[in-house]
Protein chains: 2
Amino acid sequence: MSRFVYAFSEGNAQMRNLLGGKGAGLAEMTRIGLPVPPGITITTEACKEFYRQGEKFPAGLEEEIRAGMRELEKQMGKVFGDEKDPLLVSVRSGAPISMPGMMDTILNLGLTDASVGGLAAKTGNERFAWDCYRRFIQMFGDVAMKVPGEKFERALEELKEERGAKLDTDLNADALKELVRRFKAIYRETVGEDFPQDPYAQLFAAVHAVFASWNNERAKVYRRVNKIPDDLGTAVNIQTMVFGNMGNTSGTGVAFTRNPSTGEKVLYGEYLVNAQGEDVVAGIRTPQPIANLKKDMPGVYEQFEQVAQLLEKHYKDVQDIEFTIQEGKLYILQTRSGKRTAAAAVKIAVDMVNEGLITKEEAILRVDPNQLVQLMHRRIDPAAKVEVIAEGLPASPGAATGKVVFSADEAEERGNRGEAVILVRTETTPDDIHGIIPARGVLTSRGGMTSHAAVVARGMGKPAVCGCEAIKIDPAAEVFYVGDRVIKKDDVITIDGATGRVILGAAPLIEPELSGDFETILKWADEIRTLGVRANADYPRDAVQARRFGAEGIGLCRTEHMFMEVDRLPIVQKMILARTKEEREAALAKLLPIQQNDFYGILKVMEGLPVTIRLLDPPLHEFLPKEEELLVEVTRLRVTGENPELLAEKEELLRQVRALKEFNPMLGHRGCRLGITWPEVYEMQARAIFNAVSQLVKEGVKVLPEVMIPLVGTAKELEILREMVVRVAEEVKARDGVDFEYKVGTMIELPRACLVADHIAEHAEFFSFGTNDLTQTTFGFSRDDAEGKFLPQYIEKKILPENPFAVLDQEGLGQLIALGVQKGRSVRPDLKVGICGEHGGEPSSIDFCHRTGFNYVSCSPFRVPIARLAAARAELLNRKKQ
Amino acid sequence: MSRFVYAFSEGNAQMRNLLGGKGAGLAEMTRIGLPVPPGITITTEACKEFYRQGEKFPAGLEEEIRAGMRELEKQMGKVFGDEKDPLLVSVRSGAPISMPGMMDTILNLGLTDASVGGLAAKTGNERFAWDCYRRFIQMFGDVAMKVPGEKFERALEELKEERGAKLDTDLNADALKELVRRFKAIYRETVGEDFPQDPYAQLFAAVHAVFASWNNERAKVYRRVNKIPDDLGTAVNIQTMVFGNMGNTSGTGVAFTRNPSTGEKVLYGEYLVNAQGEDVVAGIRTPQPIANLKKDMPGVYEQFEQVAQLLEKHYKDVQDIEFTIQEGKLYILQTRSGKRTAAAAVKIAVDMVNEGLITKEEAILRVDPNQLVQLMHRRIDPAAKVEVIAEGLPASPGAATGKVVFSADEAEERGNRGEAVILVRTETTPDDIHGIIPARGVLTSRGGMTSHAAVVARGMGKPAVCGCEAIKIDPAAEVFYVGDRVIKKDDVITIDGATGRVILGAAPLIEPELSGDFETILKWADEIRTLGVRANADYPRDAVQARRFGAEGIGLCRTEHMFMEVDRLPIVQKMILARTKEEREAALAKLLPIQQNDFYGILKVMEGLPVTIRLLDPPLHEFLPKEEELLVEVTRLRVTGENPELLAEKEELLRQVRALKEFNPMLGHRGCRLGITWPEVYEMQARAIFNAVSQLVKEGVKVLPEVMIPLVGTAKELEILREMVVRVAEEVKARDGVDFEYKVGTMIELPRACLVADHIAEHAEFFSFGTNDLTQTTFGFSRDDAEGKFLPQYIEKKILPENPFAVLDQEGLGQLIALGVQKGRSVRPDLKVGICGEHGGEPSSIDFCHRTGFNYVSCSPFRVPIARLAAARAELLNRKKQ
């Protein structure tokens, strides 16, 4: 027959399934010699047996518990239920997998009407003893017997009112005795019997309640959602109580083995003399730094230092330790891995490798790549008090402070003078680019994560908060409203693009730091990872940034932003609105040298590394004035009749804009569909690329251009456009008498492209998964519409676990991507596969890419370090699994 | 050693691989005793050997050809190259699989300078002989020796000019002699040698050219595109020439064994005495009906009648026979299956079953379901001369004639008075419904196949031409322009919704006919098919139609059209714009009885059959006024300042419309996303359904409602909404004390839904594939944008074989659908699977559904007969394959 009860001293960390997580942890600390208050654990097997027998204790369990308790009595020199000096225990649940939703803790179990006096005498503190008793009755009643907690709360409030007490602590021992009387009455009334005076009756009822809590509704739902098997069962931990409030040789505290903010290797924490944990929480007395303990109780301090070192060595990580000192004796109640800032995480990981405590691999697994975002952008000092006046979408990370301006022209003029300004617009258009560049940040009241402002700002690494619907902008009056508040031009605000917060005034900012430790850990990551990391960059300055952060190439260079720059937009518009072939060709001829210069710049910066250039993607109407604005203008001119010539011109423009208008631009005439129907545009772009390549080759610069055709859904589209690109390349080679390498490939961003990837791969040397669009088409919702309208509710209602535009949907989308890779490689085994959606910088998505056999991920330059680390972790985690 | 040459009399229809398709056909006719001009076939083996030997004739081939020719000489009593009475032959290619792109025919081969005189003497027609010769030189030069055809054409034109001849036939024998001289000069100049005077040299060169044509570019491309193996090779047919222009006992003609328009069992065709095929084509003389041959040459007619019967019996199908009579002797030159109208196809198929000629199964395979569309709608008499002034999209089939009106109000008023009117609008909105209902048809200048007008018209079975961009409407002047032409109000036009044609005046129309034969063949189809056929119907009147056409249920009843009707729209708008819960509930309370009545009507009509009701699908802004219109109104009011109250009201409405506006409505806040965020709307609909069900059950009517949740992409969406529907159903059951059956299922119309169909099926009793939306999301293009912008070019350039919104894309989409079915059935083997996109009525898509294990297809009521037949064909064709 198996045993149901283990002493802490009999278990270890490996016995998690039998003893539960908490039980195994307590046993482990005991095993390595730490001063843990002794206790026993009732196994998960007992729980399973309990259910097998129809919610009854299995035979022998009660006797085993009694035997365990007798051992504890022996160890502690106290007797359970003793009237002079009672042994008190806590009872806690503890499943093999941590499960909120199960039973809470019951403390002070073992107190009775008889023994409360003994506790008072022993501690010399009558108030304390009765306080313990009333808390125990409440916890036992509420947690074990389902007496509604508010009944006890109400009784407490009534008593405080009667006694004129403001705080609980204003109640004296007499008052607490009265409270115990009333609590017992509530208990009797609700449960139908007296509060148990037999400590074993208390204990068995508590154990029964823990077992039963395994199958309460909250726990069942939690298991279903988290896919935890229903038959694991829970263990029960019974631990002897210790008290930090037994005089000036007692105390309680919490300490980290290293500084969790900076990572510095010093004990970091605080403690209170003659106090219990709850006093620290109540905040009545100010705790002292842990260093003071050295003076107060040098022996205990020394012992604690040793324990801290031991625990850190044992768990090979920074520990967050809870302790209690009872009459000069140190007890460790809990230890866990300590939460830390990104900077601390990096420093600690590197230090521990240098100390020989962990390996480089372990160091990499210790730093959460998601947390590194903190280090990559200027951010608001988390310690500072700030006044948040509104929240929008966190459209582009980083924080910025500046004076509010409402027009792009003003932002340009003042920004270029060196003034810090924030451009505030309802939404931005290509016409605003000149104002965005010199502004410190952008705030818009409309538009989602892919709105013009968001995309442009992310591309520039400039902070932006978008779709902040709480602010109402009146550009004419040069003010915006948030509720009753009015923010005028030149008022100073701070925006936090990482959280979406809009803050009044200048919040204190912290500069991003790429410490030496950070560089070190990234170097280790590079040694381990097998997945390449590239950056998305549209401009030479972004490419410089990307190289500095360790990018191994450009995975996505978009060409449309080049079209949207203010000096080019008029030419682009002429090209689009041309009525004759000659007009169009003239406009394209003007664009060619400009584009060639763009490509020259970025290819030169990336010397020796591949640069993937995507041909024009957005629908043409994005380059034209907005229909609404034209409509207002035309209507105004019609009503006033003031300028018939201008009216005719605007009417014609409106007609053309309407002819190009689309019902669903995302699903419209864009990407390679433009390349097919307007071949001269793509041909101009191809020529600009290869002219630039030829020029660089002649200058002795090694370049590796990769021409990427977007939005391909059929093999034929790519076949036609690939032929065009190859023809242009060969023409340039022949004309200039130079030779160069280049690749032609495609973005895989439509479900159909994944389904026919084998046919497409016949014409593609590389696939780059465009997971932004692929997410939109696979889910059938547009990011701009979803994020503003229903996606928040979807996440709140757990219809979706996360925003699929931020974290790749492995369940659905993942199947399509895996299919695309497999089909593509089936006809072209050396097909190069990458990702260039925003997911390329998100750690769990990077892990997916690693497992699916990608060659590289590509992300924003600021995410390159995160991706390098995440790629190394993916390699390590998947090695483990094998 | 294998033989390379077969006489026609040695082969048969089964020897297709060796003799090619044409050779096997000629052999088969010879075999069954028909008077086919004798000939020989050079096998495909000879062609393969030709290529194996580096494009050289294999050893022995020439001798075998000569031997074959000697046999032909013996049979015909003529000698090849004889100067008095030369044997002439035609040379044609003939691959095992019919392949345009290969060599054209060469006629009259064997003529030389010497023998042309013999032919003239023999036929008594010098002009004829020289005409044959000049044609032969041109064909031989062009086809066999690659002399550019335009050189001959130019010489002919020059000669005609010199001789003052308008037509070729104006040239006399002398002129033709001169032409032969010039043609030979051209030949010599281009080929570098004289035109061959040895008939065998001519023949071998022609055979060589046929072999070589197997590998010309056109043929290679054709094979690649059509997946024909490159190693089949082609055969060559050498057939003796016969001439129908050898006097009044000669002639030529074409006849069908049955009337191809009506199907009546009489010989149908025409012939010309003393003429060649080309004379018929030239149209100089009027051919006579075949019946007159009985009088002219009774013996020949009798023989031809026998041949026709024999061929029909042999091929078990109507034959289209080409014949020539040479000096009283009948020759059959070709027979093939005769093209026929839909009506004829049906009648012939049924008659042939009754005659015992074919089985019911064969009869079903004889009728092309696509052709049946002709019979299901009123159509324009194909014989009539009509003046087409523009072409738009064929948005809703059927033809209609009426006076042009430009407003819905006028269409309503005059239509209800019984006047035939066509409503002409730039595009239609829900506000136009009252005008569409009484109009005969709808013509719009904007919008695609899923525009409001198109969808509403298809739903009503009313003809519509949409997106007819060639017409420019000026509603104020009540005219529309097509180029220079002006069409005014009250002008009569005819629209053809099956082709998109807009015709000036009243074109003669033919009423649809469901003949007894049609009913018969559909009854046979029903006995064979295993796939169910339902109809899409939104109104009781459509459901009546659907039952009449044999629908076995309603596969899609959309509820949004009910919302859009003119008496309800104001309530719907109130519901959407409600500021308080009370306002919204008040509006919903008004809608409930109206919806209940809708469902009562359709469920009652479909007594005993399932009715799938889809809950609200479109985004809410579709029910609101258009932003553009409001913007114009607001701007006007602002500029004039004339009505500040109205301005404030309109501004507020504009604000609300803008708040609901979406960037990509197709991918927006619609379908079940509305059900999740606006649960009260779906709950009202569920209540209306079950109230109607309860009412009918109490009246003793058996109903089978199926509630369908649209646009599901995650299992959780369906789980939440299914729970709501079940709760409402149980509430209604309990309240009314009735019991009824119902199903809850979902539309599968997003790629992700296919990918996670296993999870979704846990909550769905049925799947209905919504292939319209699934096509849009899988391809990533919206129908409205694609069809108007780039799809036509895509089809023209063969990037896509067909419009994927009309014909289901089996290559891409098909994979997703098959995956969805397989995953769904993996967790719920009895999952009912259907399709309710437009593809549900398209034969090749129906075949796919059959093969993929669907339970039913659902389509427009007018397509139900087509679907019934197509489903039977799918069963038969797939039986064959097994």
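A. Inspection of the overall build of chain A at higher detail. Along chain A, the regular secondary structure elements total 36 helices and 33 strands. For the C-alpha atoms alone, the extent of chain A along its principal axes is close to 105 × 65 × 55 Å. Within chain A, buried positions represent 57% of all 882 residues. Once local pairs closer than 6 in sequence are excluded, the contacts in chain A between residues at least 24 apart make up 67%. Approximately 35300 Å² of chain A is accessible, and the part contributed by carbon and sulfur atoms is 49%. Here chain A contributes 112 positive and 128 negative side-chain charges, whose respective centroids are spaced 2 Å apart.

B. The arrangement of the interface of chain B and chain A in detail. Every contact between the two is made by 58 residues of chain B and, on the other side, 57 residues of chain A. Together, the buried faces of chain B and chain A total about 5400 Å²; carbon and sulfur atoms form 60% of this surface. Broken down residue by residue, the surface that chain B buries against chain A is led by F663, L667 and R752 of chain B, which jointly contribute 13%. For the pair chain B and chain A, the interface holds 6 salt bridges. Of the charged contacts in the structure, one is a salt bridge between R752 of chain A and E811 of chain B, with a shortest N-O distance of 2.9 Å. Linking chain B to chain A there are 31 residue pairs in polar contact (both at pLDDT 80 or more). No other element matches helix α24 (residues 627-640) of chain B, which puts 8 residues into the side of chain B that touches chain A. Its residues assigned to classes, the side of chain B that touches chain A comprises 25 nonpolar, 15 polar and 18 charged.

C. Structural view of the sheet that holds strand β30 (residues 743-748) of chain A. All names here are of chain A. Taken in spatial order, the 8 strands close into a barrel running β26-β27-β28-β29-β30-β31-β32-β33, and their pairing is parallel. Each adjacent strand pair in this sheet contributes to an overall mean axis angle of 25°, direction not counted. Alignment of strand β26 (residues 532-536) against strand β33 (residues 856-859), held across 4 bridges, turns out to be parallel. Within the sheet, the bridge partner assigned to R534 lies in β33 and is S858.

D. Examining the relation of the copies chain B and chain A more closely. Mapping chain B onto chain A is achieved by rotating through 179° and translating by 0.1 Å along the same axis, at an RMSD of 0.3 Å. In the structure described here, the two chain copies are related by an operation that fits a two-fold rotation axis. Looking at the rotation axis and the C-alpha trace of chain B, the residue lying nearest is N664 of chain B, at 2.1 Å. A symmetric contact is evident, with 98% of the interface residues of chain B recurring at the interface of chain A.

E. Spatial organisation of the nonpolar core. Core analysis: the largest hydrophobic core is formed by 291 residues, its most contacted members being F690 and F769 of chain A together with F690 and F769 of chain B. In this structure, F769 of chain A is in contact with I748, C754, L774, I817, G820, V821, V833, G834, I835, C836, G837 and F854 of chain A, ignoring residues within four places of it in sequence.

F. Quick look at the packing of helix α4 (residues 115-123) of chain A against helix α5 (residues 126-145) of chain A. Residues and elements named next belong to chain A. Direction vectors running N to C along α4 and α5 enclose 140°, while the axes themselves pass 7 Å from each other. Taken as a pair, α4 and α5 cross one another with a handedness that is right-handed. Contact residues: α4 offers V116, L119, A120 and T123, while α5 offers E126, F128, A129, W130, C132 and Y133.

G. View of the sheet that holds strand β22 (residues 485-488) of chain A. All names here are of chain A. The sheet built from 3 strands is open, its strands ordered β20-β21-β22 with antiparallel pairing. Whereas interior strands pair on both sides, the edge strands pair on one side only; in this sheet they are β20 (471-474) and β22. If you compare each strand with its neighbour and ignore which way they point, the axes differ by 25° on average. Where β20 meets strand β21 (residues 479-482), 4 bridges bridge the pair, whose relative direction is antiparallel. Its bridge partner being in β21, I471 is matched across the sheet by V482.

H. Representation of helix α31 (residues 771-779) of chain B in the model. Residues and elements named next belong to chain B. With 8 of 9 residues buried, α31 is to be regarded as a mostly interior element. Here α31 has its buried residues at T771, D773, L774, T775, Q776, T777, T778 and F779. Trailing α31 by a residue or two, G780 shows a phi angle of about 70°, which is positive.

I. The pattern of salt bridges, seen in detail. All names here are of chain B. This structure, assessed with the given rule, holds 152 salt bridges over all chains. One salt bridge in this structure joins E633 and R636, with 3.6 Å as the shortest N-O distance. One end of the pair is E633 and the other is R636, both in helix α24 and 3 residues apart, which spans about a single turn. E633 sits in the partly exposed class, given a relative accessible area of 23%.

J. How the structure looks around the environment of H452 of chain A. All names here are of chain A. You can see H452 is positioned in helix α18 (residues 452-460). On the basis of relative accessible area, H452 is assigned to the buried category, the value being 17%. The spacing of H452 and D432 is 20 residues in sequence and 9.9 Å in space, taken between C-alpha atoms.

K. Fine view of unusual backbone geometry. Residue and element names in this part refer to chain A. A positive phi angle, near 65°, is found at N108, a position not held by glycine. Of note, N108 is situated in strand β6 (residues 106-109). On the accessibility criterion, N108 (5% relative accessible area) is buried. In this model, N274 sits at a positive phi of 50°, which is unusual for a non-glycine residue. Residue placement: N274 occurs in the loop between β9 (268-273) and α10 (277-282). N274 sits in the partly exposed class, given a relative accessible area of 29%.

L. Representation of the side chain of R340 of chain A within the structure. Residue and element names in this part refer to chain A. Within the element layout of this structure, R340 appears in the loop between β12 (329-337) and α13 (342-354). Side chain to side chain, R340 and D317 meet in a polar contact 2.8 Å long. At 2.9 Å, the side chain of R340 forms a polar contact with the backbone oxygen of G338.

M. Highlighting helix α16 (residues 408-416) of chain B. All names here are of chain B. All of the buried residues in α16 are A408, E410, A411, R414 and G415. Buried residues in α16, looked at end-on, bunch into an arc of 155°, giving them a common side. Exposed positions of α16 whose direction lies more than 90 degrees from the buried face are D409 and N416. Where α16 is buried, its residues contact β16 (399-405), β17 (421-425) and α17 (433-436). In the segment just after α16, G418 is the residue with positive phi, at about 95°.

N. The arrangement of the confidence of the model for chain A in detail. Averaged over every residue, the pLDDT of chain A is 91; the share at 70 or more is 97%. Two numbers describe this predicted complex: its pTM, 0.81, and its ipTM, 0.80.

O. Here's a closer look at the state of the cysteines. Evaluation of the coordinates by the stated rule reveals 0 disulfides over all chains. There is no disulfide at C849 of chain A, and the cysteine sulfur nearest it, in C859 of chain A, is 11 Å away.

P. Layout of the environment of P287 of chain B. Residue and element names in this part refer to chain B. As for its placement among the helices and strands, P287 is situated in the loop between α10 (277-282) and β10 (288-289). Its relative accessible area of 24% is what places P287 among the partly exposed residues. C-alpha separation for the pair P287 and G269, spaced 18 residues apart in sequence, amounts to 9.4 Å.

Q. Seen up close, a negative patch on the surface. Taken together, the side chains of D104, D142, E150 and E153 of chain A make up a negatively charged region of the molecular surface. Here D142 of chain A is to be found in helix α5.

R. Structural context of the pairing of strand β30 (residues 743-748) of chain B. Residues and elements named next belong to chain B. Of all 6 residues making up β30, 5 are buried, and the element is well covered by its neighbours. Of the pairings in the sheet, the one linking strand β29 (residues 704-709) to β30 comprises 4 bridges and is parallel in character. In the strand pairing of β30, I709 is matched with T746. For the segment spanning β29, helix α28 (residues 715-736) and β30, crossover handedness is right-handed. Sheet topology note: the β30/strand β31 (residues 766-769) ladder contains 3 bridges and is parallel. Residue pairing across strands places I748 opposite F769, the latter belonging to β31.

Rules used in this analysis
Residues numbered from 1 in each chain as written. Chains lettered and ligands numbered in written order. Predicted model: local features only at pLDDT ≥ 70, side-chain atom pairs only at ≥ 80, totals over all residues. Heavy atoms only, no water. Helix = DSSP H or I, 4+ residues; strand = E, 2+ residues; numbered from the N terminus. Buried < 20%, exposed > 50% of the residue type's maximum accessible area, 1.4 Å probe, protein only. Contact = heavy atoms within 4.5 Å. Areas by Shrake-Rupley, 256 points an atom, 1.4 Å probe, with all protein chains shown as cover. Lys, Arg positive; Asp, Glu negative; His and termini not counted. Charge placed at Lys NZ, Arg CZ, Asp CG, Glu CD. Buried area = accessible area lost by both parts, 1.4 Å probe. Salt bridge = Lys/Arg side-chain N within 4 Å of Asp/Glu carboxyl O. Polar contact = N/O pair within 3.5 Å; in protein donor to acceptor, adjacent residues only side chain to side chain. Nonpolar A, V, L, I, M, F, W, Y, C, P; charged D, E, K, R; others polar. Pairing = 2+ DSSP bridges. Axes fitted to C-alpha atoms, helices over the stretch in contact; angles between N-to-C directions. Least-squares fit on C-alpha atoms with pLDDT ≥ 70 in both. Core = buried A, V, L, I, M, F, W, Y, C linked by side-chain atoms within 4.5 Å. Left-handed = near helix turned anticlockwise from the far one by under 90°. Arc of directions from axis to C-beta. pLDDT = per-residue confidence, 0-100. Disulfide = S-S within 2.5 Å. Patch = residues over 30% accessible without salt bridge, like charges linked within 9 Å, V, L, I, M, F, W, Y side chains within 5 Å. Right-handed = clockwise from strand over helix to strand, strands pointing away.

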